[in-house]
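Descriptive structure summary
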Amino acid sequence: WSADAAPDTVKVGTYVMSIHDINFHDQEYTARLWLWFLYKNKNFDFGKQLDVTNAKSIDQAQPLDDSLEGKQWSMLKMKCTMKENWNVLDFPFDKQHLKIQVENSLFDKSQLIFTPDQAGSKFDSDETLAGWTIHNFKVGVVDNYYETGFGDSRKGHTNQTFSAFVIEMDIDRNAWGLFLKIFIGMYIAFLISMLSFAPHPEELEPRFGLPVGGLFAAVGNKYIIDSILPESASFTLVDSLHAITFFTIFAILVASAICLKLHDGGDGEKAKKFNHWSARAIAVAYALINIALVVLAIAK
């Protein structure tokens, strides 16, 4: 190969058979796909030189090599465990963008340039991703710049740019069933706490015992949900809904304490009225805040 020679063009396409095993906690998913390459340069060996740059592991079958219209034709069937920084701000109403990036690990852009097979690249619509909807599937080519010469200290070799074939798609979750499954414990905990408004103000045990029990149940529910999600420094929808529940249960305890003080002060009628209206105000406020947070998450 001459330094003055034009880079060889490789036409590359894909057929994505399935996306599955989505794992939020381990920040990964699995993709099964076919890749094919049409090229003239016999030095290219995609069975040995192929790299999926954002994959944790690659299970690659033996390439199927043939010729087509005077060009080399190579097909690869692959199973890749992909790493993914999931966006869980609006979980479970989250929308995710998946990207698979393919390069030749040996030849940089000065020697090899990918061109996408737009017409032939598809995903298998029959292999639906359970609980998700796939849309905006597309393929393209980008330049992947590395700020290193990979040990080559010669002048002009301090960095390298590789042509990369990119497979992209958006996935949206069908979330209402999952939402009810993971948050029903929290809402039951809130309802148990609201039952403390039913007894008379002087009945200390149910007035304070029920909200405290509800608080422990809500905390337990949050630990269960957090165990399936990656760590996040941002305040997510899960955090917001649980925080509102915690503060609401605290408000119930404060209302019970005020009712008890009014009753002990000899103003039983005023205690009953405060109990009546505080129960309604807390229930309405909790419902409206929850609805607003969920609607905002869906609208994003």
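Just so it is clear, the structure is predicted and the values come from calculations on it, not from any experiment.

Its 32 residues place the ends of helix α5 (residues 268-299) 47 Å apart at the C-alpha level, agreeing with the 46 Å of an ideal helix rising 1.5 Å per residue. Residues of α5 that are buried include every one of Ala271, Asn275, Ser278, Ala279, Ile282, Tyr286, Asn290, Val294 and Ala297, and no others. Looking at the packing, one finds that the buried side of α5 touches β7 (95-104), α2 (176-194), α3 (204-226) and α4 (237-264).

This part covers the environment of Lys48. Counting through the fold element by element, Lys48 comes out in helix α1 (residues 46-49). Among the residues examined, Lys48 registers a relative accessible area of 73% and is labelled exposed. Along the chain, Lys48 and Pro63 lie 15 residues apart, while their C-alpha atoms are 9.3 Å from each other.

Below, the discussion takes up unusual backbone geometry. Of note, the amide linkage connecting Phe91 to Pro92 takes the cis form, showing an omega dihedral of 5 degrees. By secondary structure assignment, the location of Pro92 is in the loop between β6 (71-83) and β7. With phi around 55 degrees, Gln27 is a residue other than glycine that occupies positive phi space. Along the chain, Gln27 turns up in the loop between β1 (8-23) and β2 (28-39). Taking the relative accessible area as the measure of exposure, Gln27 reaches 28% and is therefore partly exposed. The backbone of Asn136 shows a phi angle near 55 degrees, a positive value even though the residue is not glycine.

The rules behind each value
- Residues numbered from 1 in each chain as written.
- Predicted model: local features only at pLDDT ≥ 70, side-chain atom pairs only at ≥ 80, totals over all residues.
- Heavy atoms only, no water.
- Helix = DSSP H or I, 4+ residues; strand = E, 2+ residues; numbered from the N terminus.
- Expected span 1.5 Å × (residues − 1).
- Buried < 20%, exposed > 50% of the residue type's maximum accessible area, 1.4 Å probe, protein only.
- Contact = heavy atoms within 4.5 Å.

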